[in-house]
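Chain by chain, the residues run as shown.
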Amino acid sequence: MRVEDEVRAVAAAWDGVLVGNDAEQVGRYMTEDWVYVGPSGAATKSDIVGSIASGQLAHHTMKAVSPARVARVGDTVVLTARKTSTGTWDGTPYAADEWITQVYVRVDGDWRCAFSQKTDAAG
């Protein structure tokens, strides 16, 4: 399997795990120093995994609505795709339509996400 396809498969599997809301499983897809950047700023792996573990953040759906574009440089892969999702934050429902960019690196032979950034999709 090509590296690009491996990363696409890991990203799709991670989406499935996110919808399962198992914080420990979600954390396995991230590097220890993973960072997420969104409209409110940056969050760490422990921030997001902790929010899922406590129930503050729950994902209900996650769907890619565009094919994932990947760019590879050595053992680093950048994946960009448009995704929709639903869930709750602090008990308040949300629905999102976003572009996500994720940077994947090899850690002990497996692909892990080191960085994620989401931007609201326009129209």
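In case you missed it, the structure is sitting above this.
How each quantity is defined
- Residues numbered from 1 in each chain as written.
- Predicted model: local features only at pLDDT ≥ 70, side-chain atom pairs only at ≥ 80, totals over all residues.
- Heavy atoms only, no water.
- Core = buried A, V, L, I, M, F, W, Y, C linked by side-chain atoms within 4.5 Å.
- Buried < 20%, exposed > 50% of the residue type's maximum accessible area, 1.4 Å probe, protein only.
- Helix = DSSP H or I, 4+ residues; strand = E, 2+ residues; numbered from the N terminus.
- Contact = heavy atoms within 4.5 Å.
- Salt bridge = Lys/Arg side-chain N within 4 Å of Asp/Glu carboxyl O.

Draft legend 1. Quick peek at the nonpolar core. Residues Trp14 and Tyr104 are the most contacted members of the largest nonpolar core, which totals 26 residues. Breaking this core down by element, the ones donating at least two residues are helix H1 (3-20), helix H2 (23-27), strand E1 (30-38), helix H3 (45-54), strand E3 (57-64), strand E5 (76-89) and strand E7 (110-120). The element contributing the most residues to this core is H1, with seven residues. With sequence-adjacent residues up to four places away left out, Tyr104 is seen in contact with Val7, Val10, Ala11, Trp14, Asp75, Thr76, Val77, Leu79, Trp111, Arg112 and Cys113.

Draft legend 2. Broad picture of unusual backbone geometry. Although it is not a glycine, Asp90 adopts a positive phi angle of roughly 55 degrees. Its identity as a non-glycine residue notwithstanding, Asp108 has a phi of 50 degrees, on the positive side. Topologically, Asp108 is positioned in the loop between strand E6 (92-107) and E7. Since its relative accessible area comes to 80%, Asp108 is described here as exposed.

Draft legend 3. Examining the pattern of salt bridges more closely. Inspection of every chain in the model, using the stated rule, returns 10 salt bridges. The partner of Asp110 in a salt bridge is Arg112, and the shortest N-O contact between them spans 3.5 Å. When its relative accessible area of 21% is taken as the criterion, Arg112 is described as partly exposed. Here the residues in one salt-bridge network are Arg2, Asp5 and Arg8, joined through shared partners.

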